[in-house]
Amino acid sequence: MNSQKFHFIDLPRIHDPRGDLTFIEGGRHVPFHIARVYYLYNVPVDAERGGHAHRNLHQVIFAISGSFRIVVDDGRERQEFWLRDPRKGLYVGNMIWHEMDSFSQGAVAMVLASGSYDETDYIRDYDEFLQLVRKGMA
Ligand code: TYD
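The structure presented is a predicted model; accordingly, all values stated were derived computationally and were not measured. Along each chain, numbering runs from 1 in the same order as the chain's sequence is written. Reporting in this predicted model follows two pLDDT cut-offs: at least 70 for local features of residues, and 80 or more for side-chain atom pairs to be given and counted; totals over whole chains, interfaces and linings ignore these cut-offs and use all residues. Note that the side-chain values use all heavy atoms of the structure and ignore hydrogens as well as water.

Considerations on the packing of aromatic side chains
Geometrically, a pair of aromatic rings is defined through the distance of the ring centres and the angle of the planes. For clarity, the cut-off: Pairing of aromatic rings covers Phe, Tyr and Trp, the last counted by its six-membered ring, and requires centre-to-centre distances within 6.5 Å; plane angles under 30 degrees mean stacked, over 60 mean edge-to-face, and any other angle means tilted. A run of DSSP states H or I qualifies as a helix once it reaches four residues; a run of E qualifies as a strand once it reaches two. Both are numbered from the N-terminal end. Only protein chains enter the calculation, and the probe is 1.4 Å; a residue is then buried if its accessible area is under 20% of its type maximum, exposed if over 50%, and partly exposed in between.
In total, this model carries 9 aromatic pairs according to the counting rule given. Measuring from ring centre to ring centre gives 5.1 Å for tryptophan 97 and tyrosine 126, while their planes differ by 80 degrees; the resulting arrangement is edge-to-face. Taken together, the residues tryptophan 97 in strand E10 (residues 97-101) and tyrosine 126 in helix H1 (residues 126-137) connect sequence positions 29 residues apart. For tryptophan 97, a relative accessible area of 4% gives the class buried.

Here it is in C-alpha cells:
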C-alpha cells in the first residue's frame, strides 16, 4: 500500500487545567497550502460519506469531536482507520478512494483541503477510479 498517499499527522496539544488546545499552522503541520476548510456535522449514525477519489486534491481529515471510520483504497488494497483523536489527522492524497461511516452521535469531521471545491476533480465511479489507477501504473 502506498503510505505516501495517506498517513497520520500529529498536531501539538497544549494541556492545562482549563482544557486542551490544539493548533494547525499552514506550511508547518500540513504538507500543502490550505485553501479550504470544511466540516461534516449532524451526520446520522447510519450515513455514509465520501465514496469518491480526487484527481488532484490533497486533504487531511480530523475527528474534531466524536469518532468515525474511514476506509482508504489505493486501487490495490483497502485499509480502515478509526478517527477519534482531535490531535491526529489522516492525510489522504490524490487518487485515493475513501469512504467514511459509523459516525458517533454528535461527531464532527473537519477537513483541510489543498484546493477550492471543484466537482470536475471528483471521481465518483469506483470502476472509473480503478481504470485510472491501472492507467497510472502502466
Ligand atoms: P461531497 O464531497 O460529495 O460530500 P462527502 O464526501 O462528505 O460525502 O459533497 C456533498 C455536496 O456538498 C456536493 O453537492 C458538493 C457540495 N460541496 C461544496 O459545495 N463545497 C465543498 O467544499 C464540499 C466539500 C462539498
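Some words on the site of the ligand
Which entries qualify depends on this criterion: Put simply, a residue is near a molecule or strand once any heavy atom of it comes within 4 Å of that molecule or strand. Two N or O atoms count as a polar contact when they lie within 3.5 Å, although within protein this holds only if one can serve as hydrogen donor and the other as acceptor, and sequence-adjacent residues are included solely when both atoms are side-chain atoms. Any residue that is not Ala, Val, Leu, Ile, Met, Phe, Trp, Tyr, Cys, Pro, Asp, Glu, Lys or Arg is counted as polar, Gly included; the first ten are nonpolar and the last four charged.
The full set of residues close to the ligand is Arg36, Tyr38, Leu40, Arg49, Gly50, His52, Tyr117, Tyr122 and Arg124. The side chain of arginine 36 places a nitrogen or oxygen atom 2.5 Å from an oxygen atom of the ligand. Between the ligand and tyrosine 122 there is a distance of 2.6 Å, counted from an oxygen atom to a side-chain nitrogen or oxygen. Among the secondary structure elements, those contributing two or more residues to the shell around the ligand are strand E4 (36-40) and strand E5 (49-54). Its residues assigned to classes, the shell around the ligand shows 4 nonpolar, 2 polar and 3 charged.

Let's talk about the sheet that holds strand E11 (residues 108-113)
Using the following cut-off: By the convention used here, strands pair only if DSSP detects at least 2 bridges between them. Orientation is described by axes fitted as lines to C-alpha atoms, over the contacting stretch for helices, and by angles from 0 to 180 degrees between their N-to-C directions.
Strand order in the open sheet formed by 5 strands is E1-E9-E6-E11-E4, with antiparallel pairing between adjacent strands. Looking along the sheet, the strands with just one partner apiece sit at the ends: strand E1 (6-10) and E4. Taking each pair of neighbouring strands and ignoring which way they run, the sheet shows an average axis angle of 25 degrees. Of the strand pairs in this sheet, strand E6 (residues 59-65) and E11 are connected by 6 bridges, and their pairing is antiparallel.

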